[in-house]
Amino acid sequence: MMFQGSEHQDSEYFGPIQDVGGTLNGSTNEDRTNYWEIVPANHLERALLLEADRMGWLLPAMTQEKLANQQDVVRNERRQSEGQPYAKFWLTFNELAYPKGHPYDHSVIGLHEDLENATLEDVKDFFRTFYVPNNATLSIAGDIDVAQTKAWVEQYFGPIPPGEPVDEIATWIPEFHGEKRVKMQDRVQLTRLYWSWHTPPYYQDGDADLSLATAILGGGDTSRLQRRLVDDEKLAQDVRMDQSSQQISSVATLTITLRPEADPAAVESIVQEEIAKFAKTGPTAKELEQAKSRYEANFVKGIQRIGSWGGINDRLNRYNHYVGTPDYFRQDWERYASRTRETIRTQFARWIGPDRLFVAIEPFPKMVADQDGAVDRGTLPAGGPAPQFRTPDVAWRSLDSGTRVAVLERNELPLVSLQLVFRSGSTADPAGEDGVAGFAADMHLEGTRRLDRVAFRQALDNLGTDLRVRSDADHVVFSLTSLADRLDQSLDLLSDAILEPAFPEDVFANERDRRLVDLKQQQDRPTSIMRRATPRLLFGEDHPYGRSREGTEATLTAMNVGELRDFSRENFVPGNATVVAVGAVDPDRFTETWNRHFAKWQGAASTPVVIPAATPPSGRTIWLIDKPGDSQSTIAVAQLGLARNDPQWEAAFLANRVLGGFFSSRLNLNLREDKGWTYGVRSTLLESAAPSAFTMGGRVQRDATAPALVEFLQELEGVAGAKPITAEELQFAKNSIVLSYPQDFETNAEIAAALADQVVYGLPADAFARYPQEISGTPLAKVNEFAQTFFHPEDVVIVIIGDLAKIESSIRELDLDASIRYADREGNPTGPEFSAR
């Protein structure tokens, strides 16, 4: 796009430069984008005007037509690369070599789908962010009048406004843990092997040493690996090794193309031998002298040129970008000249070792398809009978302390998963103390009276035991997973955490500060805002299900450690607990072990929390929450739900499944597959001890906010009677539930969680065994009858989070018979009410 003209220059930039005998080029790597011009000295002013013009005034001339043209150009550039032999390595290298989130974790040119999906606004936003004066280095070299050149620069570049500061990562050198081996096949004649190591960034300690070392090992006809593998052993066609220096992290890569008859294993053995030898003894004096001489010669040859790669102007710009000053010629020369045999050996041994990426690209084997036999591909096989889901026997015990114990013995693996469940979640938070239950539970894992938090975690790590805690509206669960032969020691640590928590003041203060910061961070995440705001707007701030599980800024700030101790003392007691153990453990032996560790644990059950009936919404209310700059809008449509133990749960679950409970639901097929407005939308029937919430929603593209809301409501009206569920839809939903049901019980932890839910939600002992049959046996008439009485599309709370400056007017124009109100990002009502009729 940078060559496509500007607001003032409607022709391509090549023309005005080539017209006076100049050349223009550009390139992009992971660190920077370079554009350079070589023009006759008498046309320098023209070149400066054009460069400034495309920096400051390109956007007005950037059109969809030009973008479409350049998308094709760049995709063809990628195709050109894809057509080259062994292209698979470099086109996938970044994804293979760098962890997700690293600035280098994707190829510079991008994937075809990325290029195709880039919008005009995407490109403009990128330009506004990075193509700004305060993020650029301009270098000019040649036969120039310095004073006049500075004046021109001020004249043409001075009026361009700066952009926002651009954040940079100074250094991030990833680590391979061992050798990561990848095998690929390509349409090539010979096998090629690649080894890559992460190394220090450009101009940092070790960079010059590794440049010289790689040159000595594989940098030319006289290099060690070239002589041995190509000349002596005749196993390789060619060898190349170099240090690719970059700003954040560099890479040393060895590339060897094998001869047809060569054994890859033999080549690998030789490479390993030579690397080990070099790491031990380093280069010879003669090798080092030759490598330095080659570098010095290339350096001097390069600065013969004013422009182009390695020339004076390129180095001025490069030095300023990477080290902050253009005057770095002497230091660059000296960093190579000062290297010794020992510095090179030391750096090589540090960075070039067994932790690396290894890629082998082999020729495609010759294969042909079987031409015999005909298959009717238009008819799907019917499949055999559905497998029967069988639930194993669970041994239940009631202890004298009041704790209920459930043990399910499974001896396939020497592993035990345990869940200690307390029937006191956030609904048990005292009035005005939102967040106490979860905070108190977390503090149990922040150190005990005999082990501080570090020692406690180290003790768990020493056993290989995983211990965590999760807080929900209705319960708190401590989950432990241990190797079977270390369960006794693991239970010792769990009992210490439950019976003897330290609640240290300093840890409490630090954790409270962290939670307050996390609340602020949640303000940036639309899904977190929606998760907190929707229950508050549906139930009201005084209802137990309307309170914040994490707490609010006000409640956390006012909270003290004594309140956490009090909550723990009253609620985390044996009479309020159920322990579920699944795995390689005998029920009687487990009960004995549990009693031994928890013998001192006392406390009757706390008074159960009574969840009052919530007031259902009356009419439609649209709550708008502003999120300036959000490229999408987040929508939720909510009404009251069912308790998990409601007799109509199966009918409700099936109706929700058809509406939005899985990928092939009505909602997702409509808004994603048909309209293309979203990556995915869903509806959810929340599991809870009392009637909680039914919600549907998701993230949609910003310009589709209003029409997407209309589609949500129309789909809800559909299952509520306007478009009843069909027999085919219901059978598809049943199959998706019943046939996948055993997957929910694959691991010990999943079975333990299911048994814990059975306790929390007051389900009968055989609930999970009967569930598939109850789903399969629910008739269509019952599902439709339930849907028509349960869903209330005219009485819902609608929450929309997005850039109101961009979406509010289109929402107000909808004829939804709804009142429109505003809320902050915590779900607190703000501003006046507006009725849209």
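In short, a report on the structure. (Residues numbered from 1 in each chain as written. Predicted model: local features only at pLDDT ≥ 70, side-chain atom pairs only at ≥ 80, totals over all residues. Heavy atoms only, no water.)

### Thoughts on the overall build of the chain
To keep it simple, the criterion reads: Only DSSP runs of H or I with at least four residues qualify as helices, and only runs of E with at least two residues qualify as strands; both kinds are numbered from the N terminus onward. Using the Shrake-Rupley algorithm and a 1.4 Å probe, accessible areas are obtained, with residue cover drawn only from the displayed protein chains. Positive charge is attributed to Lys and Arg, negative charge to Asp and Glu, and no charge count is given to His or to the chain ends. Note on charges: their place is set at NZ of Lys, CZ of Arg, CG of Asp or CD of Glu.
Looking only at helices and strands, one finds 30 helices and 20 strands in the chain. Taken along the three principal axes of its C-alpha coordinates, the chain extends 90 × 75 × 70 Å. Carbon and sulfur atoms form 50% of the exposed surface of the chain, whose accessible area is close to 41,100 Å². Measuring between centres, the 87 positive side-chain charges of the chain sit 4 Å from its 123 negative side-chain charges.

### Describing the packing of helix 23 (residues 649-661) against helix 28 (residues 767-776)
We apply this condition: Think of each axis as a best-fit line through the C-alpha atoms, taken over the contacting stretch in the case of a helix, with angles from 0 to 180 degrees between the N-to-C directions. A clockwise turn of the near helix away from the far one marks a right-handed crossing, whereas an anticlockwise turn of less than a right angle marks a left-handed crossing. Only heavy atoms matter for contacts: two residues are in contact if any of them lie within 4.5 Å across the pair. Under the convention adopted here, Pro, Cys and the residues Ala, Val, Leu, Ile, Met, Phe, Trp and Tyr are nonpolar, Asp, Glu, Lys and Arg are charged, and Gly plus all remaining residues are polar.
At a minimum axis separation of 10 Å, helix 23 and helix 28 run at an interaxial angle of 65°. Considering only the axes of helix 23 and helix 28, their crossing is right-handed. Of helix 28, the residues touching helix 23 (which contributes Trp649, Glu650, Phe653 and Leu654) are Tyr771, Glu774 and Ile775. The class makeup of the residues in the contact of helix 23 with helix 28 is five nonpolar, no polar and two charged.

### As for unusual backbone geometry
Phi is positive for Lys234, close to 55°, though the residue is something other than glycine. Turning to its location among the elements, Lys234 is positioned in the loop between helix 9 (224-232) and strand 5 (236-244). At Phe503, a position not held by glycine, the phi torsion is positive, near 45°. For Phe503, the location among the structural elements is in the loop between helix 17 (487-499) and helix 18 (505-522).

### Describing the pattern of salt bridges
Here the idea is simple: oppositely charged side chains can pair when their charged atoms come close. To be explicit about the condition: Here, a salt bridge means any side-chain nitrogen of Lys or Arg that lies within 4 Å of a carboxyl oxygen of Asp or Glu. Relative accessibility decides the category of a residue: with a 1.4 Å probe and only protein chains considered, values under 20% of the type maximum give buried, values over 50% give exposed, and everything between is partly exposed.
The tally for this structure, following the rule as stated, stands at 51 salt bridges. Where Arg549 meets Asp472, a salt bridge forms, and the shortest distance between an N and an O atom there is 3.0 Å. Here the residue Arg549 occupies a position in the loop between helix 19 (526-539) and helix 20 (553-558), and Asp472 occupies one in the loop between strand 11 (466-471) and strand 12 (476-483), the gap between them amounting to 77 residues. Take Asp472: its relative accessible area is 18%, and that puts it in the buried class. Linked through salt bridges whose partners overlap, the residues forming this network are Glu179, Arg181, Glu268 and Arg356.

### Things to note about the nonpolar core
Note the threshold: Put simply, buried Ala, Val, Leu, Ile, Met, Phe, Trp, Tyr and Cys residues joined by side-chain atoms within 4.5 Å make one nonpolar core.
Ile622, Val637, Leu709, Leu716, Phe791 and Ile800 are the most contacted members of the largest nonpolar core, which has 70 residues in total. Looking at which element gives the most residues to this core, the answer is helix 25 (residues 705-722), with eight residues.

### Quick word on the packing of helix 11 (residues 285-302) against helix 13 (residues 329-337)
Packed helices, taken two at a time, are described by their axes: the angle between them and the distance between them. Heads up, the rule is: Working rule for angles: under 35 degrees goes down as roughly parallel, over 145 as roughly antiparallel, 65 to 115 as roughly perpendicular, anything else as oblique.
In contact at an axis separation of 10 Å, helix 11 and helix 13 are set at 165° when each is read in the N-to-C sense. Viewed along their axes, helix 11 and helix 13 adopt a mutual orientation that is roughly antiparallel. Crossing of helix 11 against helix 13: the hand is right-handed. Residues Lys292, Tyr295, Glu296, Phe299 and Val300 of helix 11 pack against Phe329, Asp332, Trp333, Tyr336 and Ala337 of helix 13. Along the lines of polarity and charge, the residues of the contact of helix 11 with helix 13 split into seven nonpolar, no polar and three charged.

### Section: the packing of aromatic side chains
Rule in force here: When the centres of two rings from Phe, Tyr and Trp lie within 6.5 Å, Trp using its six-membered ring, the rings pair. Their planes under 30 degrees apart give stacked, over 60 give edge-to-face, and anything left gives tilted. Placement of a charge over a ring requires the Lys NZ or Arg CZ to be within 6 Å of the ring centre, with the centre-to-atom vector within 35 degrees of the ring normal.
Under the criterion given, the structure shown has 41 aromatic pairs. Between Phe299 and Trp333, the ring centres sit 5.4 Å apart and the planes meet at 85°, which makes this aromatic pair edge-to-face. Here Phe299 is found in helix 11, whereas its partner Trp333 is found in helix 13, with 34 residues between them in sequence. What makes Phe299 buried here is its relative accessible area of 5%. Plain terms: the ring middles of Phe567 and Phe572 are 5.7 Å apart, the flat faces sit at 80° to each other, and that makes the pair edge-to-face. A residue is classified by how much of its surface remains accessible, and Phe567, at 3% relative accessible area, is buried. Classification of Phe572 as buried rests on a relative accessible area of 3%. Ring-pair connections join several aromatic residues into one group, and the members of that group are Phe422, Phe478, Phe567, Phe572, Phe590, Trp594, Phe598 and Trp601. One residue, Arg192, lies across the ring of Tyr86, its end atom 3.9 Å from the ring centre.

### Focus: the sheet that holds strand 10 (residues 415-422)
This is how the line gets drawn: For two strands to pair, DSSP has to find at least two bridges joining them.
Pairing is mixed in the open sheet, where six strands are placed in the order 8-9-13-10-12-11. Of all strands in the sheet, those bounded by a partner on one side alone are strand 8 (395-398) and strand 11. Looking at each pair of strands side by side, their axes are set apart by 15° on average, direction ignored. Sitting on the sheet, helix 27 (residues 748-760) touches strand 8, strand 9 (404-409), strand 10 and strand 13 (577-583), and the angle it makes with strand 10 is about 20°.

### Considerations on the environment of Lys277
Within the secondary structure, Lys277 is located in helix 10 (residues 264-281). Remark: the alpha-carbon pair of Lys277 and Arg345, spanning 68 residues in sequence, is separated by 10.0 Å. Setting aside chain neighbours within four positions, we find Lys277 in contact with Arg224 and Gly282.

### Points about the sheet that holds strand 3 (residues 179-186)
Think of a sheet as strands paired side by side through backbone hydrogen bonds, with each pair either parallel or antiparallel. In space, the five strands of this open sheet follow the order 3-7-4-6-5, with mixed pairing throughout. The sheet is open, and its two borders are formed by strand 3 and strand 5, each paired with just one other strand. Pairs of neighbouring strands in the sheet enclose a mean axial angle of 15°, with direction left out of account. Relative to strand 6 (residues 250-258), strand 5 is paired through eight bridges, and the arrangement is antiparallel. Residue Asp242 lies in a different strand from strand 6, and its bridge partner there is Thr253.

### A word on the pairing of strand 7 (residues 356-363)
Each regular strand carries side chains that alternate between the two faces of the sheet. The buried count for strand 7 comes to six of eight residues, which makes it a mostly enclosed element. The pairing of strand 3 with strand 7 spans eight bridges and is parallel. Paired with Lys180 across the strands is Leu357, a residue of strand 7. Relative to strand 7, strand 4 (residues 192-199) runs antiparallel, the two sharing five bridges.

### Topic: the environment of Glu813
Along the chain, the position of Glu813 falls in the loop between helix 30 (804-812) and strand 19 (818-823). Judged by relative accessible area, which is 67%, Glu813 ranks as exposed.

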